[in-house]
Amino acid sequence: MSVPFSGTLRRSGGIVSAIGKQLKSVNLKGVKRITVQFDPFAENVKSTREFLFLLSTPKVSLSNPKCVVKSDIVCDRSPAFIKFALIDSAQEKAQAKEIRFNSDNLNTLELLELCNKHVSTLAPPEEITNKVLTKAEKQKLGGSGGAGGKKAPKKK
């Protein structure tokens, strides 16, 4: 008698793929300004610096081009933190002017998860715009409006 198989068929992609997955869902449309403050000589600052780098990637920065990312580098042994200043509509939704993460004892993946949980959910919903139809799509919709169909014979 054999033991039934239990578990996954393949291993997980690891921490890098988990960070990539979280990074795809970061949305900064509800944020005006991001301030990252850290002491470069502190022990647990690597994850904060990596998070600052990930915020400057093109896909994340294109989610809100008006969002300002500012880094404050201090040398006073203060704990590292990340502060998100929210836009007005997000302030009403969250009932707070800013969101602050103390990032001293968090790794990069945990920071991204917290950002998606607390900041990305505050993004205003996207407005639905009218889709521009091509000639072929207009003809499929049944519009015999001038351009499609048979041509009229020319008169001399």
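Residues numbered from 1 in each chain as written. Predicted model: local features only at pLDDT ≥ 70, side-chain atom pairs only at ≥ 80, totals over all residues. Heavy atoms only, no water.

In the annotation of an unreviewed UniProt entry, the entry for the protein reads Large ribosomal subunit protein mL53, and the organism field reads Drosophila grimshawi. Taken verbatim from the UniProt record of the protein, the Sequence similarities (unreviewed entry) comment is "Belongs to the mitochondrion-specific ribosomal protein mL53 family." (UniProt positions renumbered as here; feature names shortened; annotations may be inferred.)

Describe the packing of helix α1 (residues 15-24) against helix α5 (residues 108-118), and please don't skip the residues or the numbers.
As a packed pair, α1 and α5 sit with axes 9 Å apart at the nearest point and diverge in direction by 20°. When the axes of α1 and α5 are compared, the pair comes out roughly parallel. The crossing of α1 and α5 is left-handed. Only T108, L109, L112, E113 and N116 of α5 make contact with α1, whose side of the interface consists of I15, A18, I19, Q22 and L23. Of the residues belonging to the contact of α1 with α5, the class tally is six nonpolar, three polar and one charged. (Axes fitted to C-alpha atoms, helices over the stretch in contact; angles between N-to-C directions. Helix = DSSP H or I, 4+ residues; strand = E, 2+ residues; numbered from the N terminus. Parallel < 35°, antiparallel > 145°, perpendicular 65-115°, else oblique. Left-handed = near helix turned anticlockwise from the far one by under 90°. Contact = heavy atoms within 4.5 Å. Nonpolar A, V, L, I, M, F, W, Y, C, P; charged D, E, K, R; others polar.)

Go over the pattern of salt bridges with me, naming the residues and quoting the values.
Close approach of charged atoms allows side chains of opposite charge to pair. Enumeration according to the criterion identifies two salt bridges in this entry. Note that R77 is salt-bridged to D39, the shortest N-O span being 3.9 Å. Placement of R77 in the loop between β2 (68-73) and β3 (81-86) and of D39 in the loop between β1 (31-38) and α2 (46-55) is noted, with a sequence separation of 38 residues between them. (Salt bridge = Lys/Arg side-chain N within 4 Å of Asp/Glu carboxyl O.)

Quick one: what's the story with α5, residue by residue and with numbers?
Within α5, the full set of buried residues consists of T108, L109, L111, L112, C115 and N116. Buried residues of α5 fall within an arc of 160° about the axis and therefore sit on the same side. Close packing links the buried residues of α5 with α1, α2, β3 and β4 (98-102). Sitting at the head of α5, N107 places a side-chain oxygen 3.3 Å from the backbone nitrogen of L109. (Buried < 20%, exposed > 50% of the residue type's maximum accessible area, 1.4 Å probe, protein only. Arc of directions from axis to C-beta. Polar contact = N/O pair within 3.5 Å; in protein donor to acceptor, adjacent residues only side chain to side chain.)

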